[in-house]
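Structural features, examined
This is what each chain is made of:
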Amino acid sequence: MSEKIDIKSMTLPELEKALTEDGLPKFRAGQVYRWLHARAVTDFSQMSDLSLSLRQQLNEKYAIYSAQAVQMQRSQLDGTVKFLYRLHDGEFVEAVFMQYHHGNSICISTQVGCKMGCTFCATGRSGFSRSLAPSEMLSQVQSAEKETGLPVSNIVLMGMGEPLDNYDAVLRFLCLVSSEQGMNIGMRHISLSTCGLVDKIYRLAEEKLQLTLSVSLHAPNDAIRSQTMPVNKKWNVESLLKACRFYAQATHRRISFEYAMIRGVNDSDACARELGQKLHGMLCHVNLIPVNDVTGAGYHKSSIERQQSFIHILQQYGITATVRRTLGSDIDASCGQLRRRYEKEAANENAM
Ligand code: SAH
Ligand code: SF4
């Protein structure tokens, strides 16, 4: 049997073309698209304004990929919900739903695992399985809305995986999720976080999208960055910052640098000065994140005094910096851990 086509990854013009080629009127595509994207159905049988025979016809050729919530952890502190989703082939990914004053936000995964191997990251330690289809990224947002009963207004591509290592599917997802007939979440409400795949940053700059680019820098120089981020051996700090400058100039969008502060590794005043010198003059903001010791690598959070000193020094170079508020601290809201734990438990159960 030939494999069914992933219909929720198709754009509206693609769907129109495919359905008219099958002899159906063009307006049917709009109906189906709205069912899939605006109303988030998971089965053709739910498309109640289509005839039974048309629903059967679609079901023979197409599949609707969804993300089934198999675990939900709710924070008692701030309403953050962490999801573990099962995908159609039995793989698992995580997403985190967060409530802010300006609206609800979701951090979604773009791959099952990650190839990049950053030493502080639980996802990086768990290896790589596969990239996600656009429909699977959409489904994480749709399932979270369904399970919480709350609308999502902001999306961050900062869960499991490296979005720019899944470039085409991520760009297609951005196009689908922002479409007016679909979820209609504007690019200005979307952030994409990358560990620094330089060639793809140049490509993204050419797309001239209004999304926010977050760059996981985590060190001011190659000696420190290469210790924790293997990607730095391919694209070093200098080439990365050059691409970032190009990106900011091309899009007029401020870049957000992520900097996980690790005690004794990258948090000295000298590091702050070196970072300040290198970022000086760039349209950017620095987000300091107290490292979360999830990999057992023995990393510890920097002290509050270190964080404040870092911010103060960066300000002297004209760079704004803030410490990221930690949401869901009682449920380990950073990604990668839940899937690992779940798979370990499943493996133990199988071994019994
Ligand atoms: N692959 C992309 C996006 C997913 S990781 C990237 O690396 O940017 C999302 C963010 O979490 C990145 O900034 C990453 O560096 C950070 N991160 C991963 N593990 C962390 C940890 N243990 N403590 C603090 N930040 C971490
Ligand atoms: Fe991959 Fe990002 Fe984790 Fe690095 S930090 S291993 S790039 S998910």
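Let me sum up the structure you'll find in this document.

The rules behind these values
Residues numbered from 1 in each chain as written. Chains lettered and ligands numbered in written order. Predicted model: local features only at pLDDT ≥ 70, side-chain atom pairs only at ≥ 80, totals over all residues. Heavy atoms only, no water. Helix = DSSP H or I, 4+ residues; strand = E, 2+ residues; numbered from the N terminus. Rg over C-alpha atoms; globule rule 2.2 N^0.38 Å. Areas by Shrake-Rupley, 256 points an atom, 1.4 Å probe, with all protein chains shown as cover. Lys, Arg positive; Asp, Glu negative; His and termini not counted. Charge placed at Lys NZ, Arg CZ, Asp CG, Glu CD. Buried < 20%, exposed > 50% of the residue type's maximum accessible area, 1.4 Å probe, protein only. Pairing = 2+ DSSP bridges. Axes fitted to C-alpha atoms, helices over the stretch in contact; angles between N-to-C directions. Contact = heavy atoms within 4.5 Å. Near = heavy atom within 4 Å. Nonpolar A, V, L, I, M, F, W, Y, C, P; charged D, E, K, R; others polar.

**What to know about the overall build of the protein**
When helices and strands are tallied, the protein shows 12 helices and 14 strands. Against the compact-globule benchmark of 20 Å for 352 residues, the protein has a radius of gyration of 21 Å, which places it among compact chains. Each principal axis of the C-alpha distribution contributes one length, and for the protein these read about 70 × 55 × 40 Å. Within the structure as shown, the protein displays about 15800 Å² of accessible surface, and the carbon and sulfur contribution to it stands at 49%. Here the protein holds 39 positive side-chain charges and 36 negative ones, and the gap between their average locations is 3 Å.

**Structural notes on the environment of Asn292**
Mapped onto the elements of the fold, Asn292 is located in the loop between strand E13 (284-290) and helix H11 (304-316). Residue classification places Asn292 among the partly exposed residues on the basis of a relative accessible area of 30%. Considered as a pair, Asn292 and Gln210 are 82 residues apart in the sequence and their alpha carbons are 30 Å apart.

**Some remarks on the sheet that holds strand E14 (residues 320-323)**
Reading across the sheet, the 10 strands line up as E3-E4-E5-E6-E9-E10-E11-E12-E13-E14 and stay open at both edges, with mixed pairing between neighbours. Two strands bound the open sheet, and with one partner strand each, they are strand E3 (68-74) and E14. Neighbour-to-neighbour, the strand axes of the sheet open up by a mean angle of 20°, direction not taken into account. Lying on the sheet, helix H5 (residues 134-148) is in contact with E3, strand E4 (81-86), strand E5 (92-100), strand E6 (103-107) and strand E9 (154-157); it crosses E4 at an angle near 125°. Running at roughly 180° to E9, helix H6 (residues 167-177) makes contact with E9 and strand E10 (190-194) of the sheet.

**Re the site of ligand 1**
Taken together, 16 residues surround ligand 1, and among them Phe120, Ser193, Ser216, His218 and Asn292 come closest. Isolated, ligand 1 exposes 520 Å² of accessible area, and the fraction of that covered by the protein chains is 88%. Class assignment for the residues of the shell around ligand 1 results in seven nonpolar, seven polar and two charged.

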